[in-house]
Amino acid sequence: MVTRQQLYHCAKAPLLNVTRLLVIDFHQTLEVNGIRFWCYTAGHVLGAAMFMVDIAGVRILYTGDYSREEDRHLKAAEIPSSPLIFALSSQLTDPQPVCTVQSPFHFKHIDPLNSIDNFHDVGPSVVMASPGSLQSGLSRQLFDKWCTDKKNTCVIPGYAVAGSLAKTIITEPRKVELANGLNATLNMQIFYISFSAHADFPQTSGFLGELQPPNIILTHSPMEEETEMVAQKVVYALMVSVFGDVRVAQEGMLVITVDGDTAYLDGRSGDVECANAALKERIQTAFRRIQGAVRPIPLSAS
């Protein structure tokens with residue numbers, strides 16, 4: 001076993017961690033104590049994988065972050081054979097990395113930067129720093145140091161969390177608050193590049209539509225109200241996959257149109273208003289099955 005302390009110092013002792021890893025290929029099946037598992041490409045970052053776990057014939061597909069968008073260096077997340085249970089993340093992962101592993105590649109003009117104390121700010125340079133939210137860490141220290149100079153540029157490559165400094169500076173305000181609480185004039189250029197290694201709503205909707213999993217487990221959602229919100233989005237996505245023309249109306253209401261007939265579904269109670277009795281029954285049946293698949297699972301405190 002590797003201790004937490006060893007993980008935090010993995011950059012100083014990379015061989016300790018590498019020797020404890022077992023490398024497998026995508027689609028390679030392994031079996032441990034009767035449990036079979038194999039992985040598919042997740043399309044998130046290089047090496048990201050979704051795992052299919054087979055326990056006594058029950059297949060569970062688990063994935064963290066994934067993307068269905070093709071890229072120059074990554075394939076989109078694969079569509080596995082239909083699992084009985086699909087477990088997926090319901091929110092984005094914290095952009096702050098847990099640890100840094102030494103790169104096996106050595107480049108002439110690229111150097112690792114462990115802290116701002118080791119940075120010699122002389123001449124032009126490009127620094128890739130985290131977290132992308134600019135809330136703390138090296139990226140925030142560099143921003144506070146460089147934001148007042150018009151010769152400098154900040155590029156935000158992807159999703160900016162609401163309420164974060166990164167989200168704020170996209171609108172190019174005149175003043176920004178530094179980490180020390182003082183205000184400074186924002187003179188540096190700001191560029192936002194729409195790039196994300198995470199699935200958005202259309203991708204998730206399409207993915208669920210193709211998988212058609214009977215059961216769904218949402219992970220990474222600690223707050224009850226957030227869980228309910230995500231569950232409602234999953235219900236909407238699955239209703240779209242079944243009926244096609246589904247629109248969100250007022251709070252909790254879905255408007256479903258099939259062959260010219262329109263129905264109104266209360267996404268919370270499951271009540272349906274529709275003049276077409278057959279369509280009404282189809283929607284009620286679909287909603288009951290979807291609700292059964294995404295119902296919350298109570299977890300004990302222990």
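For the structure itself, consult the block above.
Residues numbered from 1 in each chain as written. Predicted model: local features only at pLDDT ≥ 70, side-chain atom pairs only at ≥ 80, totals over all residues. Heavy atoms only, no water.

The next subject is the overall build of the chain. Of regular secondary structure, the chain possesses seven helices and 14 strands. Per-residue burial over the chain gives 32% buried out of 302 residues. Within the chain, counting contacts between residues at least 6 apart in sequence, those at least 24 apart form 51% of the total. Accessible area of the chain: about 19,900 Å², with a carbon and sulfur share of 55%. (Helix = DSSP H or I, 4+ residues; strand = E, 2+ residues; numbered from the N terminus. Buried < 20%, exposed > 50% of the residue type's maximum accessible area, 1.4 Å probe, protein only. Contact = heavy atoms within 4.5 Å. Areas by Shrake-Rupley, 256 points an atom, 1.4 Å probe, with all protein chains shown as cover.)

Moving on to the pattern of salt bridges. Applying the stated criterion to the full structure yields four salt bridges. Between R140 and D144 there is a salt bridge; the shortest N-O distance is 3.1 Å. Here D144 and R140 lie together in helix α3 (residues 137–146), a separation of four residues that amounts to about one turn. The two residues R140 and D144 agree in class, both being buried. A single salt-bridge network, built from bridges that share partners, covers R36, D54 and R59. (Salt bridge = Lys/Arg side-chain N within 4 Å of Asp/Glu carboxyl O.)

All right, on to the side chain of T41 then. Considering the arrangement of structural elements, one finds T41 in strand β2 (residues 35–41). Aside from chain neighbours lying at most four places away, what touches T41 is F26, A48, M50, A76, A77 and E78.

Next up on the list: the nonpolar core. Of all hydrophobic cores here, the largest spans 35 residues; its most connected members are M239, F243, I256, L265 and I283. Counting only elements with at least two residues in this core, the list comes to β2, β3 (49–55), β5 (85–89), α5 (201–211), α6 (224–243), β12 (253–258), β13 (261–266) and α7 (277–294). The element that contributes the greatest number of residues to this core is α6, accounting for seven residues. Each residue touching M239, except ones within four places of it in the same chain, is listed here: G244, V246, L254, I256, L265, I283, A286, F287 and I290. Counting 19 residues, the second-largest nonpolar core is a separate cluster that includes F143, I169, L186 and M188. (Core = buried A, V, L, I, M, F, W, Y, C linked by side-chain atoms within 4.5 Å.)

A cluster of nonpolar side chains, contributed by V155, F191 and I193, occupies part of the molecular surface with about 270 Å² of accessible area. Considering the arrangement of structural elements, one finds F191 in strand β9 (residues 189–193). According to the relative accessible area criterion, F191 is partly exposed, its value standing at 43%. (Patch = residues over 30% accessible without salt bridge, like charges linked within 9 Å, V, L, I, M, F, W, Y side chains within 5 Å.)

Attention now goes to the sheet that holds strand β11 (residues 245–248). As summarised here, the arrangement of the four strands in space is β11-β12-β13-β14, forming an open sheet in which the pairing is antiparallel. Both edges of this open sheet fall to β11 and β14 (272–273), since each of them pairs with a single strand only. Of the strand pairs in this sheet, β12 and β13 are connected by six bridges, and their pairing is antiparallel. The partner of V255 across the bridge, within β13, is Y264. (Pairing = 2+ DSSP bridges.)

The next point concerns the state of the cysteines. The full count for this structure, using the stated rule, is zero disulfides. We note that C154 lacks a disulfide partner, and the nearest cysteine sulfur, in C147, lies 9.7 Å from it. (Disulfide = S-S within 2.5 Å.)

Moving on to unusual backbone geometry. In this structure, P131 follows S130 across a cis peptide bond, with omega equal to 0 degrees. Relative to the assigned elements, P131 resides in the loop between β5 and α3. A positive phi angle, close to 55 degrees, is found at N33, a residue other than glycine. With respect to the helices and strands, N33 occurs in the loop between β1 (30–32) and β2. When its relative accessible area of 78% is taken as the criterion, N33 is described as exposed.

This next bit is on the pairing of β13. Counted between consecutive antiparallel strands, the loop separating β12 from β13 contains two residues, among which D259 sits at a positive phi close to 50 degrees. Bridging between β13 and β14 involves two bridges; their strand directions are antiparallel. Across the sheet, Y264 pairs through a bridge with E273, a residue of β14. In this antiparallel pair of consecutive strands, β13 and β14, the connection spans five residues, and G270 shows a positive phi of 90 degrees.

The values reported here are purely geometric and, on their own, carry no functional implication.
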